[in-house]
Structure formats: structure tokens, C-alpha cells
Amino acid sequence: MYSRIAGTGSYLPERVLTNADLEKTVDTTDEWIRTRTGIERRHIAGDGETTSMLAEHACRRALRAAGLTVEDVDFIVVGTTTPDRVFPNTGTLLQERLGIHNCPAFALETACSGFVYALSVADKYVRLGEAKCALVVGAECLSRITDWTDRATCVLFGDGAGAVVLTPSVEPGVVATHLHSDGRYKDLLYFPYGVSDGFDKLKAGAKQGITMQGNDVFKVAVRTLSRLVDETLAKNGIEKHQIDWLVPHQANLRIIQSAADKLDMPMDKVIVTVHEHGNTSAASIPLALDTAVRDGRIRRGQLLLMETFGGGFTWGSALVRF
Ligand code: UT7
């Protein structure tokens with residue numbers, strides 16, 4: 001028994017913030033942002049719009065694409081760095097929005113790797129026969145934890161959500177996932193306030209946003225993703241040329257290009273959406289996937305390599321026969 005992606009969906013909030021808009025608020029230029037990152041605009045959640053709301057839109061679209069309904073759903077997992085609340089968890093809040101009751105619903109927080117981690121978990125449940133229709137979601141409201149006065153980070157991030165529906169299949173489907181994590185890098189990319197650490201500072205009015213040693217993260221990301229590509233190919237006995245599409249985490253076009261180089265892949269075999277929404281962390285892979293499925297580039301039967309890297313550090317890949 002395997003799991004397969006029966007449908008994809010995504011959602012970007014209506015409000016768009018362009019590089020030109022940011023030129024007016026911080027010391028930056030459209031040219032710098034585009035050449036260093038590939039980003040042209042990002043979408044920002046409206047007042048009162050939460051991560052679970054973005055996720056709801058993406059899930060309804062994914063279910064429609066799969067020809068299934070909320071009544072079919074029996075498992076929900078959301079990767080997010082920006083939950084609506086500490087608790088109830090965002091998976092359960094999403095479940096309530098969808099009008100589903102009783103099935104397991106939870107969120108996991110592995111930063112940008114959230115979707116690949118969630119996919120890996122849901123895949124196991126479907127394979128074991130314990131879930132028949134799993135919603136796997138990556139959703140973020142990163143704009144809420146961004147310091148909009150810090151030009152080094154505020155140009156990078158955006159809000160959005162993506163989802164897939166996983167159903168059982170006699171053939172893969174999800175061929176394999178490979179997950180990694182190393183907390184020694186915790187100080188290179190983080191948000192400083194949580195509950196048991198930093199809540200007092202937040203209550204006292206602290207204002208620090210997402211904090212990143214960008215250049216160090218960049219170098220480790222390129223190195224790590226290169227190793228991850230090697231590992232994924234070797235463990236699955238796959239040659240580079242067998243991969244039809246690279247569906248990478250959308251953080252920086254230059255990081256995406258280095259992964260494509262590693263695979264000897266021309267950029268027209270790589271799904272790039274970073275220009276449209278910036279780094280949406282856990283939402284970025286399912287956003288890119290859904291875009292390319294809907295515009296007809298990704299077709300049934302093709303082999304996809306998803307790879308991601310983010311705060312923690314956490315990183316991982318998924319090899320998927322679509
Ligand atoms: O999703 C999780 C993983 N995250 C990532 O993968 C992000 C990894 N890092 C990156 O994408 C890149 O490091 C950045 C896009 C964040 C930065 O690009 P960079 O080529 O590494 O630039 P840098 O940080 O070395 O900065 C170069 C210069 C600096 O000026 P000086 O010191 O050379 O005078 C910065 O102060 O660019 C300056 N700079 C800016 N200039 C205009 C930094 N941010 C900006 C800005 N506009 N927004």
C-alpha cells in the first residue's frame with residue numbers, strides 16, 4: 001500500500017506588497033531584491049485573517065481537485081511556523097473551519113520544512129491503512145512575525161497556504177521521504193519569542209522579528225541541499241535524468257538554481273514561484289506544486305523531487321510519482 005496525491009490546492013491572500021512598495025518604507029531597491037532573491041512581490045494576510053483561514057481555502061481547493069469532500073477527510077496535519085494560537089493547534093482549528101469532527105488533526109512546527117515533514121507523517125498513516133483521505137497542509141502568516149523595519153529580512157517573507165489530499169494507492173505515489181534536523185544551527189535563523197522562552201519579553205513589548213544570519217544560512221542551505229539530492233537519488237536508485245520536475249522550497253532563486261545545477265536540470269524543469277510570493281516557509285512547496293499542476297506543467301505519472309531547508313535547521317526531500 002502506498003499513498004498518492006489525489007489533488008492539490010493553494011491560496012494567497014489578496015493584499016499584494018511589491019518591491020516598489022518596500023522601497024518606500026525601508027532602505028532597499030527592487031533591483032537588489034530581485035537580483036539577490038528573485039522575489040518581486042509577496043502577499044500579506046488581511047487584518048483578522050489567520051493561518052487556519054488561509055489553510056481552509058487551500059484545503060477546499062485541494063479536495064475539489066481530488067473530487068472528494070470534507071466528509072471524506074479522516075486525517076489532518078498542518079506544517080506551520082505561525083500557528084493561529086498556541087492552542088488549540090492549527091490543525092484542529094482548520095478542522096473546525098472545514099466542519100469536520102473527530103478525525104485526528106494536528107500541527108507540527110519544523111519551519112520551512114513543515115510541509116515535507118507533514119507529508120512524510122501522513123504518508124505513513126495512509127500506508128498503514130489508518131487514513132484514507134489525509135489533508136496535508138503548509139500554511140503561514142509570516143508577516144505577523146516580520147520586523148517591517150529590518151530590510152535584511154522584511155523583503156524576504158510572505159503569507160500563503162498550500163495543501164494536498166493523500167489517498168491510498170496500490171502504486172506510489174509518495175515513493176520516499178527523507179527528513180533531517182540539526183539544532184546546533186538554532187541561532188542562525190529564529191524567532192526569539194515563544195511561550196516557555198521569551199513570552200515575558202513579548203508581554204513587555206519586545207519587537208524583534210524573524211532573525212537570520214542570511215549569508216551563513218545561504219551557504220549551509222546550498223551545501224545541505226546538495227547532499228540531500230545525492231542522498232535521495234542514491235537511496236531510491238534514481239538517476240538525475242529520471243526526475244521530471246524539481247519542486248523546491250521557494251526561499252531564494254539562487255539557492256533553487258544551485259539545486260537545479262546539482263541535478264544537471266535546466267531551469268525550465270524547475271517550478272519557481274518565489275517571484276510571486278517570496279518565502280512562505282511551510283506553504284512554499286505546496287504553493288509551487290499547485291501552481292504547476294493547475295497550469296498543466298506537472299502531469300499524472302511524472303516523477304517529482306521536492307526539497308526543503310529551514311530554521312532549526314530542518315531539511316528534507318520527498319520523491320513523488322504524481
Ligand atoms: O527559508 C529558510 C532558509 N532561508 C534562506 O534560505 C535564506 C538564505 N539567505 C539568503 O537568501 C541571502 O543570504 C539573503 C537574500 C538574505 C541576502 O543575500 P546575500 O547575498 O547573502 O547578501 P548579504 O546578507 O551578504 O548582504 C549583502 C549586502 C550587505 O551590505 P554590505 O555589508 O555589503 O554593505 C547588506 O547590508 O546587502 C545589504 N542588504 C541589502 N541591501 C539592500 C541586506 N539586505 C538588503 C536589502 N536591500 N533589503
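Draft legend 1. Broad picture of the overall build of the protein. When its secondary structure is counted, the protein shows eleven helices and 13 strands. For the protein, whose C-alpha radius of gyration is 18 Å, the value lies close to the compact-globule estimate of 20 Å for 322 residues. For the C-alpha atoms alone, the extent of the protein along its principal axes is close to 55 × 45 × 35 Å. Across the 322 residues of the protein, 54% fall into the buried class. Here the protein has roughly 13900 Å² of accessible surface; of this, 50% comes from carbon and sulfur atoms. Side-chain charges of the protein comprise 35 positive and 39 negative groups, with the mean position of each set lying 2 Å from the other.

Draft legend 2. Region of the structure containing the site of the ligand. As a matter of local geometry, the ligand sits amid 24 residues, with T28, R36, N215, N252 and N279 nearest to it. Contact between the ligand and N215: an oxygen atom at 2.7 Å from a side-chain N or O atom of the residue. In the model, an oxygen atom of the ligand is placed 2.7 Å from a nitrogen or oxygen of the N279 side chain. Coverage of the ligand by the protein amounts to 72% of the 960 Å² it exposes when considered alone. Elements that contribute at least two residues to the shell around the ligand include exactly α2 (30-37), α6 (151-154), α8 (214-235), α9 (253-262) and β12 (303-310). Sorting elements by how many residues they give to the shell around the ligand places α8 first, with four residues. When the residues that make up the shell around the ligand are grouped by side-chain class, the tally is twelve nonpolar, eight polar and four charged.

Draft legend 3. Molecular detail of the pattern of salt bridges. Evaluation of the coordinates by the stated rule reveals 14 salt bridges. Notably, a salt bridge pairs D290 with R294, separated by 2.7 Å at the nearest N-O pair. Taken together, the residues span about one helical turn, with D290 and R294 both in helix α11 (residues 284-294) at a distance of four residues. Taken together, the shared-partner salt bridges in this structure form one network comprising E40, R41 and E276.

Draft legend 4. View of the packing of aromatic side chains. What the rule picks out here adds up to six aromatic pairs. Each ring, one from Y185 and one from F313, has its centre 4.8 Å from the other, and the planes form 15°; the classification is stacked. A residue pair is termed long-range when its members are at least 10 positions apart, and Y185 in the loop between β8 (174-181) and β9 (189-190) and F313 in the loop between β12 and β13 (314-321) qualify at 128 residues. Relative to Y193, the ring of F191 lies with its centre 5.4 Å away and its plane at 90°, an arrangement referred to as edge-to-face. An aromatic cluster is built from Y185, F309, F313 and W315, whose rings are joined through pairwise contacts. Above the plane of the ring of W245 lies K269, whose end atom (NZ or CZ) is 4.8 Å from the centre. Positioned above the aromatic ring of F322 is the side chain of R300, whose terminal nitrogen or guanidinium carbon lies 4.0 Å from the ring centre.

About the cut-offs
- Residues numbered from 1 in each chain as written.
- Predicted model: local features only at pLDDT ≥ 70, side-chain atom pairs only at ≥ 80, totals over all residues.
- Heavy atoms only, no water.
- Helix = DSSP H or I, 4+ residues; strand = E, 2+ residues; numbered from the N terminus.
- Rg over C-alpha atoms; globule rule 2.2 N^0.38 Å.
- Buried < 20%, exposed > 50% of the residue type's maximum accessible area, 1.4 Å probe, protein only.
- Areas by Shrake-Rupley, 256 points an atom, 1.4 Å probe, with all protein chains shown as cover.
- Lys, Arg positive; Asp, Glu negative; His and termini not counted.
- Charge placed at Lys NZ, Arg CZ, Asp CG, Glu CD.
- Near = heavy atom within 4 Å.
- Polar contact = N/O pair within 3.5 Å; in protein donor to acceptor, adjacent residues only side chain to side chain.
- Nonpolar A, V, L, I, M, F, W, Y, C, P; charged D, E, K, R; others polar.
- Salt bridge = Lys/Arg side-chain N within 4 Å of Asp/Glu carboxyl O.
- Phe/Tyr/Trp six-rings, centres within 6.5 Å; stacked < 30°, edge-to-face > 60°.
- Lys NZ or Arg CZ within 6 Å of the ring centre and 35° of its normal.

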